[in-house]
Amino acid sequence: MNRNIGIKGVGYCVPDKVLSNADLEKLVDTNDEWIVERTGIRERRVLSEGENCSTIGAEAARRALAHAGMTIDDIDLIVCATFSPDYLCPATACVIHSLLKPSKHIPAFDVNGACTGFIMALQVAQGMMTTMGYKNVLVIGAEACTRFIDYSNRSVCILFGDGAGAAVIGDVEAPAGFLGHSAHADSTGVHLISIDAGGSACPISQKAVDERLGFIQVEGREVYKFAVKVLGTAVDQALANAGMTPDQIDFLIPHQANIRIIDAAAKRYNMPMERVVCNVERFGNTSAASVPIALAEAWEQGRIKPGMVLAMVAFGGGLTYGSTIVRV
Ligand code: UT7
């Protein structure tokens, strides 16, 4: 059967606690002017004690279910994109499963595509819906980035925040639905964004802790150049896959890493900023959560209207990049 799979509901959840540039000025040798000029970020959200990747992921999922008019028992699969999971094992999707309490043993697993994770998770979910006959899938992007931040490293600690976004995907009425996808990894930059300790290559040890290897490391300038180059490639390929042209995009939803990267993407597609989602100023880089938070926030604000064609695009650790074009 030829199915028409698309987005049925979206939701997001960010922690209440705010970490402003002024707060960071007290921790490292930086200043608001430098951060705003280089990144566009003014503040980011930070998890409090008792909150985790899974708790905000579950809350974003509940809101997406409510938006779709569904309960967890309408869901056949949970996929969570994260690079900052609660644990190495079990998967954060399984922890979220335990919080949402489906009455059946529906499958749940994580996808680690770093900041591109949500887009890759959408693609995996759509594939499994086609091969396994699943009706509705919860796709979540949830990140606890600040739990992996060294607040003495000024070039990284200013960038990241915590948050989660989710989408329920299922059968929608034509012409709505996913239209085209692209996904890539350029592993020549495999070590440009990393958390070096805690995995099997470098298990946790006193030495690893002393050398601060459990924190996020980013070669910012290299990633910046890569991002500006590949965002267009990702969108162009997803458009080609859909048999569409750039002028058919109504709304651009880029990964929220840096205002200058978002501006570059907007310019490439001649999109005025009213048609580009940009919340990096308030949330910073929330990795795999950034695209679904931007999507859900724009939806909630009424900026996304039925029939619009959205181009979601992201890049991140791996180095990964990818895009999904969807009509809502
Ligand atoms: O989502 C995937 C992960 N995201 C990214 O990797 C983000 C992509 N990269 C970027 O957004 C930008 O490269 C950054 C915002 C991270 C950095 O901006 P930049 O314009 O590439 O600056 P830079 O790293 O080349 O640093 C310029 C200067 C350096 O000083 P010197 O060597 O020129 O004297 C840094 O030491 O700015 C200095 N610097 C800072 N100064 C004040 C670095 N961090 C800070 C800081 N405050 N927080």
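Shown above is the structure to which this text applies.
Asks: Any chance you could explain the overall build of the protein here in plain terms?
Replies: Along its length, the protein carries 11 helices and 13 strands. In summary, the protein has a C-alpha radius of gyration of 19 Å against a globular reference of 20 Å for 328 residues, a match within 12%. Principal axes of the C-alpha set define a box for the protein whose edges measure 55 × 45 × 35 Å. Of all 328 residues assigned to the protein, the portion counted as buried reaches 56%. If you take every contact in the protein between residues at least 6 apart in sequence, the share linking residues at least 24 apart comes to 76%. Accessible area for the protein stands at about 14000 Å²; split by element, carbon and sulfur atoms hold 52% of it. Between the averaged position of the 28 positive side-chain charges in the protein and that of its 35 negative side-chain charges there is a distance of 3 Å.

Asks: Looking at this structure, I do not really get the environment of Lys-101. What am I missing?
Replies: Mapped onto the secondary structure, Lys-101 falls in the loop between helix 4 (92–100) and strand 5 (108–111). Residue classification places Lys-101 among the exposed residues on the basis of a relative accessible area of 62%. Only 3.3 Å separates the side chain of Lys-101 from the backbone oxygen of Ser-98, close enough to count as a polar contact.

Asks: Explanation requested: the nonpolar core in the structure shown.
Replies: By size, the foremost hydrophobic cluster in this structure holds 45 residues, and its most contacted members are Phe-160, Ile-216 and Phe-315. Element by element, the count of residues in this core is highest for helix 8 (residues 220–242), at nine residues. Once residues within four sequence positions are removed from consideration, Phe-160 is found in contact with Arg-44, Cys-145, Thr-146, Ile-149, Ile-216, Val-218 and Asn-285. Listed in part, the 43 residues of the second largest apolar core include Ile-5, Val-79, Leu-122 and Ala-167.

Asks: What's the story with the packing of helix 8 against helix 9 (residues 259–268) in this structure? I'm lost.
Replies: When two helices pack together, their arrangement is given by the angle between their axes and by how far apart the axes lie. One can describe the packing of helix 8 onto helix 9 by two numbers: an axis separation of 10 Å at closest approach and a directional angle of 35 degrees. Judged by the sense of rotation from one axis to the other, the crossing of helix 8 with helix 9 is right-handed. On the side of helix 8, the interface is formed by Tyr-224, Ala-227, Val-228, Leu-231, Gly-232, Thr-233 and Asp-236, while helix 9 contributes Arg-260, Ile-261, Ala-264, Ala-265 and Arg-268. Along the lines of polarity and charge, the residues of the contact of helix 8 with helix 9 split into seven nonpolar, two polar and three charged.

Quick notes on the rules
Residues numbered from 1 in each chain as written. Predicted model: local features only at pLDDT ≥ 70, side-chain atom pairs only at ≥ 80, totals over all residues. Heavy atoms only, no water. Helix = DSSP H or I, 4+ residues; strand = E, 2+ residues; numbered from the N terminus. Rg over C-alpha atoms; globule rule 2.2 N^0.38 Å. Buried < 20%, exposed > 50% of the residue type's maximum accessible area, 1.4 Å probe, protein only. Contact = heavy atoms within 4.5 Å. Areas by Shrake-Rupley, 256 points an atom, 1.4 Å probe, with all protein chains shown as cover. Lys, Arg positive; Asp, Glu negative; His and termini not counted. Charge placed at Lys NZ, Arg CZ, Asp CG, Glu CD. Polar contact = N/O pair within 3.5 Å; in protein donor to acceptor, adjacent residues only side chain to side chain. Core = buried A, V, L, I, M, F, W, Y, C linked by side-chain atoms within 4.5 Å. Axes fitted to C-alpha atoms, helices over the stretch in contact; angles between N-to-C directions. Left-handed = near helix turned anticlockwise from the far one by under 90°. Nonpolar A, V, L, I, M, F, W, Y, C, P; charged D, E, K, R; others polar.

These values are about where atoms sit, not about what they do.
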